[in-house]
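Overview (structure and organization)
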Amino acid sequence: MPHPPDIDALIDKVIALEGDFSDHPADRGGPTRWGVTEAVARGHGYGGDMRHFPRAQAAAIYKEQYWHRPAFDQIARLAPSVAAELFDTGINMGTATASGFLQRALNALNRNGRDYEDLAVDRRIGARTLGALDAFLRKRGAKAETVLLKALEALQGARYIELAESRPANEAFLYGWLAHRIG
């Protein structure tokens with residue numbers, strides 16, 4: 001059985017990548033600190049200036065909202081690198097988007113339903129998604145997790161391009177997204 005990733009190490013990596021306080025004019029998320037937007041911080045009870053948002057509170061939000069709640073911790077028991085990728089994608093694009101990418105990739109890789117039934121792309125991780133992931137890993141062998149990770153990154157990269165194409169202000173972030181979030 002694979003060794004699940006250390007969620008605290010994943011959080012440290014995200015916080016190091018996201019950096020301290022930011023309020024980029026092209027960022028629709030507004031003021032952020034440690035990668036947590038003001039709206040998310042407020043939703044978790046923080047009422048202060050985002051310049052002073054505590055790192056420990058950011059870490060707690062990441063662990064609950066972006067690891068346990070979307071069931072990426074359950075994915076980690078089967079495919080640790082896939083779980084780490086979903087965690088990072090979920091922070092940057094939303095956990096429903098990350099979950100949908102997984103479901104879409106699993107559907108595309110099931111050999112027309114011969115390995116397991118297509119999933120409803122409901123953008124939530126549940127027993128059927130976990131079962132399909134388990135079947136995919138068992139049937140496709142040693143390289144399965146690596147191939148699935150490539151599929152997830154392809155979907156994520158395509159989404160970043162779409163975001164830049166649909167909103168030119170996002171071009172300010174595209175290079176960084178591709179440099180730091182893919183691969």
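Residues numbered from 1 in each chain as written. Predicted model: local features only at pLDDT ≥ 70, side-chain atom pairs only at ≥ 80, totals over all residues. Heavy atoms only, no water.

A short note on the overall build of the protein chain
- What the protein chain contains, in helices and strands, is 9 helices and 3 strands.
- Going residue by residue from the N terminus, the α and β elements of the protein chain occur as α-β-β-β-α-α-α-α-α-α-α-α.
- The C-alpha atoms of the protein chain give 17 Å as radius of gyration, which agrees with the globular expectation for 183 residues (16 Å, within 12%).
- Expressed along its principal axes, the backbone C-alpha trace of the protein chain runs to roughly 55 × 35 × 25 Å.
- Taking all 183 residues of the protein chain together, the buried fraction comes to 45%.
- Sequence-distant contacts in the protein chain: of pairs separated by 6 or more residues, those separated by 24 or more amount to 53%.
- For the protein chain, the accessible surface area stands at approximately 9500 Å², while carbon and sulfur atoms represent 52% of it.
- For the protein chain, the distance from the average site of its 23 positive side-chain charges to the average site of its 23 negative ones is 5 Å. (Helix = DSSP H or I, 4+ residues; strand = E, 2+ residues; numbered from the N terminus. Rg over C-alpha atoms; globule rule 2.2 N^0.38 Å. Buried < 20%, exposed > 50% of the residue type's maximum accessible area, 1.4 Å probe, protein only. Contact = heavy atoms within 4.5 Å. Areas by Shrake-Rupley, 256 points an atom, 1.4 Å probe, with all protein chains shown as cover. Lys, Arg positive; Asp, Glu negative; His and termini not counted. Charge placed at Lys NZ, Arg CZ, Asp CG, Glu CD.)

Describing the packing of aromatic side chains
- Inspection of the entire model under this criterion finds 6 aromatic pairs.
- A centroid spacing of 5.0 Å and a plane angle of 70° characterise the contact between Y46 and F53, whose relative ring orientation is edge-to-face.
- Seen from their ring centres, Y62 and F87 are 6.4 Å apart, and the 70° between their planes marks the pair as edge-to-face. A residue pair is termed long-range when its members are at least 10 positions apart, and Y62 in helix 3 (residues 55-68) and F87 in helix 5 (residues 80-93) qualify at 25 residues. For the pair Y62 and F87, a shared accessibility class is recorded, and that class is buried.
- Of the aromatic side chains, those joined through ring pairs into one cluster are Y62, Y66, W67 and F87. (Phe/Tyr/Trp six-rings, centres within 6.5 Å; stacked < 30°, edge-to-face > 60°.)

Re the side chain of R167
- The residue R167 is located in the loop between helix 8 (144-166) and helix 9 (171-181) in this model.
- Of note is the side chain of R167, whose polar atom sits 3.1 Å from the backbone oxygen of A26.
- Ignoring sequence-local partners within four residues, the contact set of R167 consists of A26 and R28. (Polar contact = N/O pair within 3.5 Å; in protein donor to acceptor, adjacent residues only side chain to side chain.)

A look at unusual backbone geometry
- For R111, which is not glycine, the phi torsion reads 55° and is therefore positive.
- Topologically, R111 is positioned in the loop between helix 6 (95-108) and helix 7 (127-140).
- The phi torsion at R123 lies on the positive side, around 65°, for a residue other than glycine.
- Residue placement: R123 occurs in the loop between helix 6 and helix 7.

All quantities given are derived from atomic positions and should not be read as evidence of function.
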